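# Descriptive structure summary
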Amino acid sequence: MGFARACVVVAVAMLVPVVWAAAVALWFWWGGNPWSWIGPFVWASIGTAALSRPVCRMVRSLVAKWTGTRIPAGYREATPVTQMSTGYWWNGFSYSRTSEDARREQRLRLWWSDPATWRDLRFTAIVPITIGVIAAIPPAGAVAAVLGFSQPGSARVGAVGVVGVLVAIGTAPYAWRSVEPVAVRLLRPSSAMALADRVDELTAQRADTTLAQAAEIRRIERDLHDGAQARLVMLGLSLATAEKLMETDPDQAKALMREARIGAATSLAELRELVHGINPPVLNDRGLVDAVRTLAMDSPLETSVSADVQPRLEPPIESALYFGIAELLTNAVKHAHATRGRIAITQDDTGIVVEVEDNGRGGADERAGGGLAGLRRRLAVFDGTLEITSPAGGPTRARMMVPCASL
């Protein structure tokens, strides 16, 4: 496996040098003309520019697949082109007559002005003499072994074959590993790029939070207007009517009083349910773990809860995790038709981790504007993450992680 990976690394690292070698060969083939080098040089430069980004993407993919280390790309994203009232299309840089022209110019300008482009070109220039040379040791040893053993009869040639075998076998498990530190050092986004991406992410989170708060306020107003407020208005009318009928028709007045009492109890229950939906009292009084246990007992699922989080967390984090668990349990009942669930709450040096698993039919899909997307945005406000594994047929496993410290 190490030998195969080394060969793959050599093939990827030497793509650009092969282009330049072909250009040099073409130059010699066109020899005699003092200006014959211009054409091969131009085509090799164009090939280098075209291959730089694919080579870097392949290196990132190999590092993520082999070592689990993910290197952010940090490329600038293209914004949508907009048609103006004049009929021209604006791409963020200039106007064009058609949307295709606007997008084409936008891609070229982004490629040219993106710092990641020059970072990729630097990497493609460095990778052959660093990763490529080290990863080429096992294949070079194998080639030496083949050449040595293909010419029997000479002790020196046989010794070369033996040394080639030893070099190929001894270096194969390690030669390809140089790709990770070099790629992490040279391909990760710069501090300025990471800061710009973070600013964009926080801007989007702020917009999402503002929209979510506005929607929540509208929901509360609608619930109060259609529920408790209407019942309280009817309660006032019933009490006024009962007051008038107290002397003329006591029985009817008593009936209205009974209806008013029932309406008051119903309004109180609705208000309690509304308050529970905004901020559950058990969450404020007893913390996340006890609130989740109460939620599990009220759930139609047969749910087990295990937790080793004793201290209290920040109230906003507890609220986000609580409603996240409630969302996952609701999805398990409503969409996955699960019968059993498991909730595990743990805490380590980095933060709090909540795992929710059910035995439903799986196939959970995160759609734009859906509950899972909203949960991911809610956790992102606290730099939290959401990972969902839901193969067809189940089970569904969701993992929420929020960096925090106990109070």
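Residues numbered from 1 in each chain as written. Predicted model: local features only at pLDDT ≥ 70, side-chain atom pairs only at ≥ 80, totals over all residues. Heavy atoms only, no water.

### A short note on the overall build of the protein chain
When its secondary structure is counted, the protein chain shows 15 helices and eight strands. When burial is assessed residue by residue, the protein chain has 34% of its 407 residues classed as buried. Long-range contacts, defined here as pairs at least 24 residues apart, represent 66% of the contacts in the protein chain between residues at least 6 apart. Summed over all atoms, the accessible surface of the protein chain reaches about 24,500 Å², with 62% contributed by carbon and sulfur. (Helix = DSSP H or I, 4+ residues; strand = E, 2+ residues; numbered from the N terminus. Buried < 20%, exposed > 50% of the residue type's maximum accessible area, 1.4 Å probe, protein only. Contact = heavy atoms within 4.5 Å. Areas by Shrake-Rupley, 256 points an atom, 1.4 Å probe, with all protein chains shown as cover.)

### As for the nonpolar core
Within the largest apolar cluster, 31 residues are counted, with the highest numbers of intra-cluster contacts made by L321, I325 and M400. Leave out the neighbours within four places in its chain, and L321 touches L288, I352, V354, L379, M400 and V402. Core analysis: the second largest hydrophobic core is formed by 23 residues, C56, I71, V179 and A183 among them. (Core = buried A, V, L, I, M, F, W, Y, C linked by side-chain atoms within 4.5 Å.)

### Here we look at the pattern of salt bridges
Oppositely charged side chains can pair when the atoms bearing their charge come close. Inspection of every chain in the model, using the stated rule, returns ten salt bridges. For R342, the salt bridge identified is with E357, shortest N-O distance 2.9 Å. Linking R342 in strand β5 (residues 340-347) with E357 in strand β6 (residues 352-358), this pair joins segments that are 15 residues apart in sequence. Of the residues examined, R342 reaches a relative accessible area of 31% and is grouped as partly exposed. For the salt bridge of E357 with R397, the shortest nitrogen-to-oxygen distance reads 3.6 Å. Separated by 40 residues along the polypeptide, E357 in strand β6 and R397 in strand β8 (residues 396-402) bring together distant segments of the chain. Each of R342, E355, E357, R397 and R399 takes part in salt bridges that share partners, so that together they form one network. (Salt bridge = Lys/Arg side-chain N within 4 Å of Asp/Glu carboxyl O.)

### A few points about the packing of aromatic side chains
Under the defined criterion, the tally for this structure stands at seven aromatic pairs. Arranged with centres 4.8 Å apart and planes meeting at 50°, the rings of W90 and Y95 form a pair that is tilted. Joined through ring pairs, the aromatic side chains of W111, W112 and W118 make up one cluster. In this structure, R53 is placed above the aromatic ring of Y75, and the distance from its NZ or CZ to the ring centre is 4.0 Å. (Phe/Tyr/Trp six-rings, centres within 6.5 Å; stacked < 30°, edge-to-face > 60°. Lys NZ or Arg CZ within 6 Å of the ring centre and 35° of its normal.)

### Quick word on the UniProt feature "transmembrane region" (unreviewed entry) in the protein chain
Taking the UniProt record as the reference, the feature "transmembrane region" (unreviewed entry) is found at residues 37-56, 125-149 and 155-176. Split by type, residues 37-56 is 95% helix and 0% strand. Its first and last C-alpha atoms lie 28 Å apart. (UniProt positions renumbered as here; feature names shortened; annotations may be inferred.)

### Some thoughts on the packing of helix α5 (residues 115-126) against helix α9 (residues 179-187)
At a closest axis distance of 10 Å, the pairing of α5 and α9 adopts a crossing angle of 150°. One finds that α5 runs roughly antiparallel with respect to α9. Note on packing geometry: the crossing formed by α5 with α9 is right-handed. Facing α5, whose interface residues are R119, D120, R122, F123 and I126, α9 presents V182, A183, L186 and L187. (Axes fitted to C-alpha atoms, helices over the stretch in contact; angles between N-to-C directions. Parallel < 35°, antiparallel > 145°, perpendicular 65-115°, else oblique. Left-handed = near helix turned anticlockwise from the far one by under 90°.)

### Observations concerning the sheet that holds β8
One open sheet accounts for five strands, arranged β4-β5-β6-β8-β7; its pairing is mixed. Two strands bound the open sheet, and with one partner strand each, they are β4 (302-307) and β7 (385-389). Neighbour-to-neighbour, the strand axes of this sheet turn through a mean angle of 10°, independent of strand direction. Inspection of the sheet shows β5 paired to β6 by seven bridges, in the antiparallel sense. Bridged to T346 within β6 is V353. On the sheet, helix α13 (residues 288-298) packs against β4, β5 and β6 and is oriented at approximately 170° with respect to β4. (Pairing = 2+ DSSP bridges.)

### Observations concerning the sheet that holds strand β2 (residues 89-90)
Remark on secondary structure: sheet strands pair via backbone hydrogen bonds, oriented parallel or antiparallel. The strand order β1-β2-β3 describes an open sheet built from three strands, whose pairing is antiparallel. Since the sheet does not close on itself, it has two edges, and those belong to β1 (82-83) and β3 (95-96), each with one partner. As judged from the two bridges shared by β1 and β2, these two strands associate in the antiparallel manner. Counterpart to T82 in the pairing with β2 is W90.

### Concerning the side chain of S390
Position of S390 relative to the elements: it lies in the loop between β7 and β8. Look at S390 and you get buried, because its relative accessible area is 15%. The residues touching S390, leaving out its near neighbours within four places in the chain, are G362, G363, A364, P395 and T396.

### Remarks on the environment of T98
Relative to the elements of secondary structure, T98 occurs in the loop between β3 and α4 (99-113). Between the alpha carbons of T98 and Y88 there is a distance of 6.9 Å; along the sequence they are ten residues apart.

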